[in-house]
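Structural features, examined
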Amino acid sequence: MSLLQKPRIVISYCTQCQWLLRAGWMAQELLSTFGTDLGEVTLVPGTGGSFTISCNDVLVWDRKREGGFPDAAKLKQLVRDVIDPDRDLGHSDRKGHRTRDPA
């Protein structure tokens, strides 16, 4: 699979809200889980309290819509559902994981 065919993740975050570290951590979690199955993970600085995550131009998380941030397990599930719905995420697929971080 060429780089152009691999999934593209875009994490847009608010610089005014100091969410760079959160965005970077989420990028790291995705890269640790999906590794070379991803083509790229891009961090896009913004303003206005925005925090969104898209996979192949599909919006998988919007902080304003969801009322918070996803935990790592939920984020991995959302990305997996777009790029490879049959993939087993092991412990991240167990029931009982929180669906969002209200911070």
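Residues numbered from 1 in each chain as written. Predicted model: local features only at pLDDT ≥ 70, side-chain atom pairs only at ≥ 80, totals over all residues. Heavy atoms only, no water.

Its identity is not glycine, yet glutamine 18 carries a phi of approximately 65°, on the positive side. Secondary-structure assignment places glutamine 18 in the loop between strand S1 (8-14) and helix H1 (20-34). (Helix = DSSP H or I, 4+ residues; strand = E, 2+ residues; numbered from the N terminus.)

Locating isoleucine 83 in the fold gives a position in helix H3 (residues 72-83). Its relative accessible area of 23% is what places isoleucine 83 among the partly exposed residues. Taking the C-alpha atoms as reference, isoleucine 83 lies 9.1 Å from aspartate 37; in sequence the two are 46 residues apart. (Buried < 20%, exposed > 50% of the residue type's maximum accessible area, 1.4 Å probe, protein only.)

Here the focus is the sheet that holds strand S2 (residues 40-46). Read across the sheet, 4 strands follow the order S2-S1-S3-S4 without closing on themselves; strand pairing throughout is mixed. Lying at the two open borders of the sheet, with one neighbouring strand each, are S2 and strand S4 (58-62). Adjacent strand axes in the sheet meet at a mean angle of 20° when their direction is disregarded. With 7 bridges joining them, S1 and S2 adopt parallel strand pairing. Following the sheet pairing, isoleucine 11 is matched in S2 by leucine 43. (Pairing = 2+ DSSP bridges. Axes fitted to C-alpha atoms, helices over the stretch in contact; angles between N-to-C directions.)

This paragraph deals with the pattern of salt bridges. Counted under the stated rule, the structure contains 5 salt bridges. Taking the shortest distance from any N to any O, the salt bridge between glutamate 40 and arginine 8 comes out at 3.3 Å. In this pair, glutamate 40 is assigned in strand S2 and arginine 8 in strand S1, connecting sequence segments 32 residues apart. You can call glutamate 40 partly exposed: its relative accessible area is 36%. In this structure, arginine 80 and aspartate 81 form a salt bridge, with 2.8 Å as the shortest nitrogen-oxygen distance. (Salt bridge = Lys/Arg side-chain N within 4 Å of Asp/Glu carboxyl O.)

Take the environment of glutamine 18 next. Glutamine 18 gets classed as exposed once you look at its relative accessible area, which sits at 65%. Between the C-alpha atom of glutamine 18 and that of threonine 47, which follows or precedes it by 29 residues, the distance is 9.8 Å.

Bringing the nonpolar core into the picture now. Ile9, Ile11, Met26, Leu30, Phe51, Ile53 and Val79 are the most contacted members of the largest nonpolar core, which totals 21 residues. For this core, the elements supplying multiple residues, two or more each, are S1, H1, strand S3 (51-55), S4 and H3. The biggest single contributor to this core is H1, with 5 residues. Residues in contact with leucine 30, not counting those within four places in the same chain, are Ile9, Gly35, Leu38, Leu75, Lys76 and Val79. (Core = buried A, V, L, I, M, F, W, Y, C linked by side-chain atoms within 4.5 Å. Contact = heavy atoms within 4.5 Å.)

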